[in-house]
Amino acid sequence: MSAPPAAATPGPSRDRPAPRLGYAPWGEDLAELTAAGRAAEEAGADTLWASELHRSATVTAAALVSATSTARIGTAVALAFTRSPMICALEIMDLDELSGGRAVLGLGTGVRRLNEDWHGVPFDHPAQRLRETVDCVRTFIARCADGEPFEAGGPLASLRVRGYRRPRPVRTRVPLHLAAAGPLTFRLAGEIADGWIGHELGSRDHLRNTVLPALHTGLTAAGRKPEDLEVVASVCVSVHPDPAEALRRAAGNVGFYASVRTYAPLFAAHGLQEPQRRVAEEFRRPGARAGALAASVDPAMTRALTLCGTREQVAELLTGYAGTADSLKLTVPVHGLTNHEIRESQAHVLDLIRELRP
């Protein structure tokens, strides 16, 4: 693929019958992960996404850049508050240079426990902090080669640069997408981002009835058009010849997120607050682990928030995103599964991407 334009790709439209397919490759080590990324590109994946939990999103993205040649490489997501805005800007400019203009910066707030307890950084006013961080990152990328003083941000995230000049970046505006899971950040993404990245648990109805209207509110407030925002719906996909086994494998991911208080509104929006509460109670038991809650997950939760079934069944379910999403970020379930099971699931999803390739 030639280098993508600096402007965002078009928004959801009835003229686009099927979203482009992206994939977040898995690997027990970076060699396996990059091999999976290369296989996904060869299968037809439009974008490869690097997450940030067990690995650094930007280092993983750099590894994927070296293994590929046409797919966009994005972070989905890099934590916005655990690195300074300047480091964030430098990392994405380096990735854009390494990839020849294929980089996409996906930023997200994460949750309070992750920021404050695991990374030791503030999490107050996350939506406003994210707005200021985006301003800092964009301003740095646009101005870093000028050699002139510049300032950006606000009281929560700021940048004041003097006496600095670096070589001009490949692009002075790298596409910046925001992960958002609530009303404030939905609107913020519509207002300032080049794209929105959804949570891997969700549904087509939630996208259509809740997310898109909130994104539109943000777009309208900023005087922007739908084509100014790329809508990337994330989908946890569990494919297996036995539909019951596909359902079982996806349950661990649902249980993992059900244990996190921040995601309670997502479950409530799908009428699943009571089964989510039961999973959260199980997690509070002594010795419980978030990645081992599959047995506590009501199958209705898994069916509502993931796509499970045979390859043919999942392919049919994915058609429901036509006209609502520009791109899909497919992920495989990992929580509570053996490496063998994850590898098998990944192979099935790569076959699915190959089958759905335009």
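Residues numbered from 1 in each chain as written. Predicted model: local features only at pLDDT ≥ 70, side-chain atom pairs only at ≥ 80, totals over all residues. Heavy atoms only, no water.

**Q** I'd like a description of the nonpolar core, backed by residues and values.
**A** Y23, L178, W196, L207, L328 and L330 are the most contacted members of the largest nonpolar core, which has 76 residues in total. Ignoring anything within four residues of it in the chain, the contact list for L330 reads L21, G22, Y23, A24, V235, V237, L318, V349 and I353. A251, Y263, A290 and M301 belong to the second largest nonpolar core, which has 20 residues in total. (Core = buried A, V, L, I, M, F, W, Y, C linked by side-chain atoms within 4.5 Å. Buried < 20%, exposed > 50% of the residue type's maximum accessible area, 1.4 Å probe, protein only. Contact = heavy atoms within 4.5 Å.)

**Q** Lay out the pairing of strand β10 (residues 230-239) with the relevant residues and their values.
**A** Walk down a regular strand and you will see the side chains alternate between the two sheet faces. With 10 of its 10 residues buried, β10 lies for the most part within the structure. Neither face of β10 is open: one carries E230, V232, S234, C236 and S238, the other V231, A233, V235, V237 and V239, and all of them are buried. Sheet topology note: the strand β9 (residues 195-197)/β10 ladder contains three bridges and is parallel. Bridged to W196 within β10 is V231. This β-α-β element, β9 to helix α7 (residues 204-221) to β10, shows right-handed connectivity. Pairing geometry for β10 and strand β12 (residues 327-331), over five bridges, is parallel. Paired with V235 across the bridge in β12 is L330. (Helix = DSSP H or I, 4+ residues; strand = E, 2+ residues; numbered from the N terminus. Pairing = 2+ DSSP bridges. Right-handed = clockwise from strand over helix to strand, strands pointing away.)

**Q** Outline helix α5 (residues 126-143), supporting the account with residue identities and numerical values.
**A** The end-to-end C-alpha distance of α5, which contains 18 residues, comes to 25 Å, matching closely the 26 Å that a straight helix rising 1.5 Å per residue would cover. Every buried residue of α5 is accounted for by A127, R129, L130, E132, T133, V134, C136, V137, R138, T139, F140 and I141. (Expected span 1.5 Å × (residues − 1).)

**Q** Before we move on, could you go through the pairing of strand β6 (residues 150-153) and cite the residues and values that matter?
**A** One ladder, built from four bridges, connects β6 with strand β7 (residues 158-161); its direction is antiparallel. Within β7, the residue paired with E151 across the bridge is R160. The antiparallel hairpin formed by β6 and β7 contains four residues in its connecting segment.

**Q** Can you tell me about the confidence of the model for the protein chain, naming the residues and giving the values?
**A** In this model, the protein chain carries a mean pLDDT of 94, and residues with pLDDT of at least 70 account for 95%. For residues 1-16, every residue scores under 50 in pLDDT, and the model assigns this stretch 45 contacts once sequence neighbours within four places are set aside. (pLDDT = per-residue confidence, 0-100.)

**Q** So what about the pattern of salt bridges? Which residues, and what values?
**A** Under the defined criterion, the tally for this structure stands at 30 salt bridges. Across the pair R131 and E191 runs a salt bridge, and its minimum N-O distance is 3.0 Å. Taken together, the residues R131 in helix α5 and E191 in helix α6 (residues 183-192) connect sequence positions 60 residues apart. For R131, a relative accessible area of 30% corresponds to the partly exposed category. Residue class for E191 comes out partly exposed when judged on its relative accessible area of 27%. Notably, a salt bridge pairs D194 with R138, separated by 3.3 Å at the nearest N-O pair. (Salt bridge = Lys/Arg side-chain N within 4 Å of Asp/Glu carboxyl O.)

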